[in-house]
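Report on the structure
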Amino acid sequence: MSMESRSPHSTNARWVVVNTQPHRENLALRNLEQQKFSSYCPMIRKTVRHARKSREVLRPLFPGYLFVQVDPNVQRWRPLLSTYGVRSIVGSGEQLSFLDAAFIESLKAREVEGVIERPRPPYRIGQEVKLAGGAFEGLVATIIDMDEKDRLVVLLDLLNRPVKVKLHSGGVSEA
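Just so we're clear, the structure is a prediction, and the values are computed from it rather than from any experiment. (Residues numbered from 1 in each chain as written. Predicted model: local features only at pLDDT ≥ 70, side-chain atom pairs only at ≥ 80, totals over all residues. Heavy atoms only, no water.)

1. Notes on unusual backbone geometry
The phi dihedral of Lys36 is positive, around 70 degrees, even though this residue is not glycine. Residue position: Lys36 is located in the loop between α1 (25-34) and β3 (38-41). Here Lys36 falls in the exposed class, since its relative accessible area comes to 54%. Even without glycine at this site, Leu159 takes up a positive phi of about 55 degrees. You can see Leu159 is positioned in the loop between β15 (151-158) and β16 (161-168). (Helix = DSSP H or I, 4+ residues; strand = E, 2+ residues; numbered from the N terminus. Buried < 20%, exposed > 50% of the residue type's maximum accessible area, 1.4 Å probe, protein only.)

Here it is, written out as structure tokens:
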């Protein structure tokens, strides 16, 4: 589920980006909530493999960052800097840098049961694709594996031998 803490805030409140200490997003969120800050950390499902076992876990969409709503005209924002779990505030020197509220709303709109759903990949294992660009442009290959970082492992027939090639999904098109 997305990690979010809510508190009453004024209508002039705007979102800032907070850099957290490594793997301390939960700690930062709890401490910000105690200080009556409204904060948000969008989460995604990620497959983790360990000792030949796979399991799905929830991880921050932006590891090491979360969003905090602040009204600089009413609220003292400097306590954010001394909050346990918080490393810094993303900004320009002493000035806060604000995010467009539409960005946060678009993230929240993509949530299903508190978790941001990834778009379905355009390709599937076993599908034939045509390589685009480079020395192998126009050759047809079969997808044999895919990872979460939009990389594909394809089986290419070169000189009558099967060859595994790893490439970015942007380097192929449907055959």
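2. Some remarks on α1
Turning to α1, its buried residues number three or more, namely Glu25, Ala28, Leu29, Asn31 and Leu32. Trailing α1 by a residue or two, Lys36 shows a phi angle of about 70 degrees, which is positive.

3. Here we look at the packing of aromatic side chains
Two numbers describe a pair of aromatic rings. These are the distance of the centres and the angle of the planes. For the structure shown, the criterion picks out four aromatic pairs. Judged by centre distance (5.9 Å) and plane angle (85 degrees), the rings of Phe62 and Phe67 are edge-to-face. Of the residues examined, Phe67 reaches a relative accessible area of 4% and is grouped as buried. Joined through ring pairs, the aromatic side chains of Tyr40, Phe62, Phe67 and Phe103 make up one cluster. Against the face of Phe98 rests Arg14, its NZ or CZ located 3.8 Å from the ring centre. Note that Lys108 overlies the ring of Tyr40, its terminal NZ or CZ placed 5.0 Å from the centroid. (Phe/Tyr/Trp six-rings, centres within 6.5 Å; stacked < 30°, edge-to-face > 60°. Lys NZ or Arg CZ within 6 Å of the ring centre and 35° of its normal.)

4. Overview of the nonpolar core
Val16, Leu66, Val68, Val70 and Leu80 are the most contacted members of the largest nonpolar core, which totals 16 residues. Of all elements in the fold, only β2 (14-20), α1, β6 (65-70) and β7 (86-89) reach the threshold of two or more residues within this core. Core analysis: the next-biggest nonpolar cluster, separate from the first, contains 11 residues, Tyr123, Leu131, Leu152 and Leu156 among them. (Core = buried A, V, L, I, M, F, W, Y, C linked by side-chain atoms within 4.5 Å.)

5. Some details on the pattern of salt bridges
As enumerated under the stated definition, the model contains two salt bridges in all. Taking the shortest distance from any N to any O, the salt bridge between Arg45 and Glu56 comes out at 3.8 Å. Of the two residues, Arg45 is situated in strand β4 (residues 43-50) and Glu56 in strand β5 (residues 53-60); the sequence distance between them amounts to 11 residues. Ionic pairing is found between Arg45 and Glu117, a salt bridge with its closest N-O pair at 3.3 Å. (Salt bridge = Lys/Arg side-chain N within 4 Å of Asp/Glu carboxyl O.)

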